[in-house]
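Inside the fold
As a plain string of letters, each chain reads:
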Amino acid sequence: SLVFLDGRIRWLLPAGVWLLSDPLVSVIQGYPVVGWHHLALLPGLAATIGLACWLRGRPGAMSLLAGSAAAAVVFYLLTNALSFVALPLYPKTLEGFVQAQWTGPAGVAPTWLFLRNALVSNLAFTGLVLAAGCRLPHAVSARKAAGQTV
């Protein structure tokens, strides 16, 4: 939305969605509604916002898809690096850092699955928004030509 929307709604919409959905997701996953994990999310969100602002001046489907993939990778790397630093689950060695970035703690799904899922969902969502954006002007023009109000 930071790329496609203008004005205050550009910031209010994603912030509102996150503020409403994050507590629910935290409770479903067994985490506290507010916890240290929110501090780990903030740098990832800030980097994503910065990337979106930078992309705003570079229109085009390929740059938006590449930016969407880059946002997933940057968010993943930052949040996993902060998990490595903050959680006692990882030894504070290069091996522990690689574990935080790739396999995760023992007994849970590997962290690379989060990266895979983030890439797929970011690219699918961006692709759908781009497809809707390409189709929408044609639909509006067709309705205007037919004399329908838009």
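Details of the structure are given in the entry above.
What this report covers is the structure whose coordinates are included nearby. Keep in mind it's a predicted model, so treat the numbers as computed, not measured. (Residues numbered from 1 in each chain as written. Predicted model: local features only at pLDDT ≥ 70, side-chain atom pairs only at ≥ 80, totals over all residues. Heavy atoms only, no water.)

Describing helix 3 (residues 61-86)
End to end, helix 3 covers 37 Å across 26 residues, agreeing with the expected 38 Å (1.5 Å per residue, within 8%). Listed as buried for helix 3 are Leu-64, Gly-67, Ser-68, Ala-71, Ala-72, Phe-75, Tyr-76, Thr-79, Asn-80, Ser-83 and Phe-84. (Helix = DSSP H or I, 4+ residues; strand = E, 2+ residues; numbered from the N terminus. Expected span 1.5 Å × (residues − 1). Buried < 20%, exposed > 50% of the residue type's maximum accessible area, 1.4 Å probe, protein only.)

Description of the packing of helix 3 against helix 4 (residues 94-103)
Contact geometry of helix 3 with helix 4 gives a least axis separation of 9 Å together with a crossing angle of 135 degrees. What the angle tells us is that helix 3 and helix 4 run oblique. The way helix 3 lies across helix 4 gives a crossing that is right-handed. Contacts between helix 3 and helix 4 involve Tyr-76, Leu-77, Asn-80, Ala-81 and Phe-84 from the former and Gly-96, Phe-97, Ala-100, Gln-101 and Trp-102 from the latter. Each residue belonging to the contact of helix 3 with helix 4 can be placed in one class, and the counts come to seven nonpolar, three polar and no charged. (Axes fitted to C-alpha atoms, helices over the stretch in contact; angles between N-to-C directions. Parallel < 35°, antiparallel > 145°, perpendicular 65-115°, else oblique. Left-handed = near helix turned anticlockwise from the far one by under 90°. Contact = heavy atoms within 4.5 Å. Nonpolar A, V, L, I, M, F, W, Y, C, P; charged D, E, K, R; others polar.)

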